[in-house]
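What follows is each chain in one-letter form.
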Amino acid sequence: MRATLPHSRLRRDGGTHSVRKAVALTAVAVMSAGLLAGCADDGGGKSSGSSDGKGKTTITLGLFGTMGFKEAGLYSEYEKLHPDIKIAENVIERNENYYPALLNHLTTNSGLQDVQAVEVGNIAEIVGTQAAKLEDLSKTPGVSKANWVEWKWEQATTKDGQTVGLGTDIGPMAICYRKDLFEQAGLPSDRAEVAKLWAGDWSKFVSVGEQYQKKAPKGTTFMDSPGGLINAILSSEKDKFYDSSGQVIYKTNPAVKNAFDLTAKAAKEGLVGAQTQFQPAWDTTIANSKFAAMACPPWMLGYIKGKSKPDAAGKWDVALAPKSGNWGGSFLSVPKSGKHVKQASELVAWLTAPEQQAKLFSVQGSFPSAPSAYTMPEVTGAKNEMTGDAPIGTIFADAAKAIPVQTIGPKDQIIQQGLTDNGVILVTKGKSAADAWTTAVKTIDNNLEK
């Protein structure tokens, strides 16, 4: 569940992830105080997960956004299976408020809850700097590497084989589009025909945008934002910001520059809206049907539904993207300093098992990171109000199978945000692509040095 809010940070809204705009279940508190509402350190580095005084052990979870475990009824189901366990979650709405506090408490090895969520954009840093503070969940009974897509398992595994987090969801990328706007612009609206228009090549996707714009309904653009386009392209590349040795390569990787230039071209030609994703003005473009297509992992359907007017239901559809990529996904970890490490590890193993991942998708839109869930009825029979009869579970499963194995670095979010908020967005405001690239690089490098 996740990407950056903006861009690399996922959001959770209905079915979104990371900072996917969500309903906070607790007030957003900053840093140390905020992360551990009701879960103070006992003075010995142990979290305060405890007995409720009635013979039950309370397992506390520190989460961000709306991860959906409670909404899908998974806590109550687990408590029925384990009458001696009580589950309590403490939620901070935005990962950018949640993660700094988590990192602070891991660094000091105190004040941690029994279970802590980690967003995919942060997992490399956690693996690289905090693994010693976390349980090796590969040793938990019932946990098998085979239950996860290989790259998801590897993202949370150290070089010496310690797995510090079990994956919840992933964000296989597709393209959500408005059938009515495509038809008005003279384009096909059948999802198979639409996918053929741009199959295998993001340049073809931009070309379809040029066709759309020639006959576009007044006041609309082909795509929602430059950030959405560059994120989709980069998510589909095997090599992005870091190489396999951990070196930063974003400035020398031709795939990054090509994605930037292609997005800048689309921005210059007016094919994308001049908006930053997940900001109020962008939300308005969804509500007012101001664009025809957008990069769309499964959780985005929840965001679309939350921001659309009622008459938009059924007007959307989902087609495979030119190339598959991943946007989002989270992990559950268990700090060694917890009072109930064994019980917490068992809970995490159960919450992330294929059966529970499938249930979570059917309620929350969080797509399973467990391949065996793709054939379960909760996935194969999934439908969404916004996309009508579209077999979204099957479409996203097909996309998931083609996601490239990508190296995730500790500062991916900083680089992604620099390329978007300090880069391609500037082309929509009149800057040249060359000037926008220079500004983005300067901003990124300054932030990487901090």
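As shown above, the structure is provided for reference.
Let me sum up the structure you'll find in this document. Quick caveat: nothing in here was measured; it's all calculated off a predicted structure. Sequence order as written defines residue numbering, which begins from 1 separately in each chain. Restriction of local features to residues with pLDDT of at least 70 applies here, the model being predicted, together with a cutoff of 80 or more for giving and counting side-chain atom pairs; totals for whole chains, interfaces and linings are based on all residues. Excluding hydrogens and water, the side-chain figures rest on all heavy atoms present in the structure.

Ring geometry is summarised as follows: Phe, Tyr and Trp rings, the Trp one being its six-membered ring, pair when their centres sit within 6.5 Å, and such pairs are stacked at plane angles under 30 degrees, edge-to-face over 60 and tilted between the two. As enumerated under the stated definition, the model contains 22 aromatic pairs in all. Pairing Phe 182 with Phe 222 gives two aromatic rings, centres 6.3 Å apart and planes at 35 degrees, and the pair type is tilted. Of this pair, Phe 182 sits in helix α6 (residues 179–184) while Phe 222 is found in strand β7 (residues 221–223), placing the two residues 40 residues apart along the sequence. According to the relative accessible area criterion, Phe 182 is buried, its value standing at 0%. Only protein chains enter the accessibility calculation, which uses a 1.4 Å probe. A residue is then buried if its area is under 20% of the maximum for its type, exposed if over 50%, and partly exposed in between. The exposure class assigned to Phe 222 is buried, which follows from its relative accessible area of 2%. Ring centres of Trp 198 and Phe 205 lie 4.9 Å apart, and the angle between their planes is 65 degrees; on these two criteria the pair is classed as edge-to-face. Neither Trp 198 nor Phe 205 differs from the other in exposure class; each is buried. Aromatic rings pair up to connect Tyr 177, Phe 182, Trp 198, Trp 202, Phe 205, Tyr 212 and Phe 222 into one cluster. Only when the NZ atom of a Lys or the CZ atom of an Arg is both within 6 Å of the ring centre and within 35 degrees of the ring normal do we say a charge sits over the ring. The ring centre of Phe 331 lies 4.0 Å from the NZ or CZ of Lys 152, which sits over that ring. Only DSSP runs of H or I with at least four residues qualify as helices, and only runs of E with at least two residues qualify as strands; both kinds are numbered from the N terminus onward.

Along helix α7 (residues 191–198), the residues that are buried comprise Val 194, Ala 195 and Trp 198. Seen along its axis, α7 keeps its buried residues to an arc of 100 degrees; they face one direction. Contacts: residue pairs with any heavy atoms within 4.5 Å of one another. Buried residues in α7 make contact with β6 (174–178), α6, α8 (202–214), β7 and β9 (316–320). Two or three places before Ala 192, at the opening of α7, Asp 190 has a side-chain oxygen 3.1 Å from that residue's backbone nitrogen. A positive backbone phi angle near 85 degrees is found at Gly 200, which sits one or two residues after α7. Directions pointing from the helix axis toward each C-beta atom define the arc. Under this definition, polar contacts are N or O atom pairs within 3.5 Å; protein pairs additionally need one hydrogen-donor-capable and one acceptor-capable atom, and for neighbouring residues in sequence, both atoms have to be side-chain atoms.

To continue, consider the side chain of Gln 277. The topology assignment puts Gln 277 in the loop between α10 (254–268) and α11 (280–287). Take Gln 277: its relative accessible area is 0%, and that puts it in the buried class. Polar side-chain contacts of Gln 277 include one of 2.9 Å to the side chain of Asp 224.

For the rest of this paragraph, the subject is the nonpolar core. Residues enter a nonpolar core if they are buried and are Ala, Val, Leu, Ile, Met, Phe, Trp, Tyr or Cys, with the set joined through side-chain atoms within 4.5 Å. By size, the foremost hydrophobic cluster in this structure holds 87 residues, and its most contacted members are Met 300 and Leu 419. By residue number, the principal contributor to this core is α10, which donates 7 residues. Counting residues in each nonpolar core, the second largest holds 46 residues, with Phe 64, Leu 112, Ala 344 and Val 348 among its members.

The buried count for strand β1 (residues 57–64) comes to 8 of 8 residues, which makes it a mostly enclosed element. Pairing between strands is defined by DSSP: at least two bridges between them are needed. Where β1 lies against strand β2 (residues 85–92), 8 bridges are found, and the strand directions are parallel. Within the sheet, the bridge partner assigned to Thr 60 lies in β2 and is Ala 88. The handedness rule is simple: strands pointing away from the viewer, and a clockwise path from the first strand over the helix to the second, make the crossover right-handed. Taking the sense of rotation as the criterion, the β-α-β connection linking β1, helix α2 (residues 74–81) and β2 turns out right-handed. Relative to strand β3 (residues 115–119), β1 is paired through 2 bridges, and the arrangement is parallel. Looking across to β3, one finds that Leu 61 is bridged to Val 115.

Moving on: unusual backbone geometry. Residues other than glycine seldom take positive phi values, yet Asn 109 does so here, at roughly 55 degrees. When its relative accessible area of 31% is taken as the criterion, Asn 109 is described as partly exposed. For Ser 289, which is not glycine, the phi torsion reads 55 degrees and is therefore positive. Note that Ser 289 resides in the loop between α11 and β8 (291–296).

In this section: empty space enclosed by the protein. Cavities and pockets were defined on a 1 Å grid built from protein atoms only: a cavity is a group of points that admits a 1.4 Å probe but offers it no way out, a pocket is an open group of points flanked by protein on both sides within 12 Å along at least five of seven lines, and a lining residue is one with an atom within 4 Å of any such point. Grid points are joined across faces, edges and corners, and a volume is the space filled by probe spheres set on the points. Applying the stated criterion across every chain yields a total of 3 cavities of 30 Å³ or more. The space that makes up the largest cavity amounts to roughly 250 Å³. Secondary structure elements with two or more residues in the lining of the largest cavity: α4 (120–129), α5 (150–155), α9 (226–235) and α17 (412–421). Along the lines of polarity and charge, the residues of the lining of the largest cavity split into 8 nonpolar, 10 polar and 3 charged. Along its surface, the second largest cavity is lined by 12 residues, and Thr 66, Met 67, Gly 68, Glu 71 and Glu 89 are the ones closest to its centre. The residue makeup of the lining of the second largest cavity, split by class, is 6 nonpolar, 3 polar and 3 charged. Residues are grouped as follows: Ala, Val, Leu, Ile, Met, Phe, Trp, Tyr, Cys and Pro are nonpolar; Asp, Glu, Lys and Arg are charged; every other residue, Gly included, is polar.

So, on to the layout of surface pockets. In this structure, the largest pocket encloses a volume near 740 Å³. Lining the largest pocket are 25 residues, with Glu 154, Thr 157, Lys 159, Thr 407 and Ile 408 positioned closest to its centre. Secondary structure elements with two or more residues in the lining of the largest pocket: α4 and α5. Top element by residues in the lining of the largest pocket is α4. It accounts for 6 residues. Of the residues in the lining of the largest pocket, the class split is 8 nonpolar, 11 polar and 6 charged.

Right, let's talk about the environment of Ile 233 for a bit. Mapping Ile 233 onto the fold places it in helix α9. For Ile 233, a relative accessible area of 3% translates into the label buried. Sequence separation between Ile 233 and Met 173 is 60 residues, and the spatial gap between their C-alpha atoms is 9.9 Å.

Okay, the sheet that holds β8 next. Spatially, 4 strands are ordered β7-β8-β6-β9 in an open sheet, and the strand pairing comes out mixed. Two strands bound the open sheet, and with one partner strand each, they are β7 and β9. Pairs of neighbouring strands in the sheet enclose a mean axial angle of 20 degrees, with direction left out of account. Two elements, β6 and β8, share 4 bridges in a ladder whose sense is antiparallel. In the sheet register, Ile 175 faces β8, and the bridge partner there is Ala 295. The angle between two axes is taken between their N-to-C directions and runs from 0 to 180 degrees, where each axis is a line fitted to C-alpha atoms and a helix contributes only its stretch in contact.

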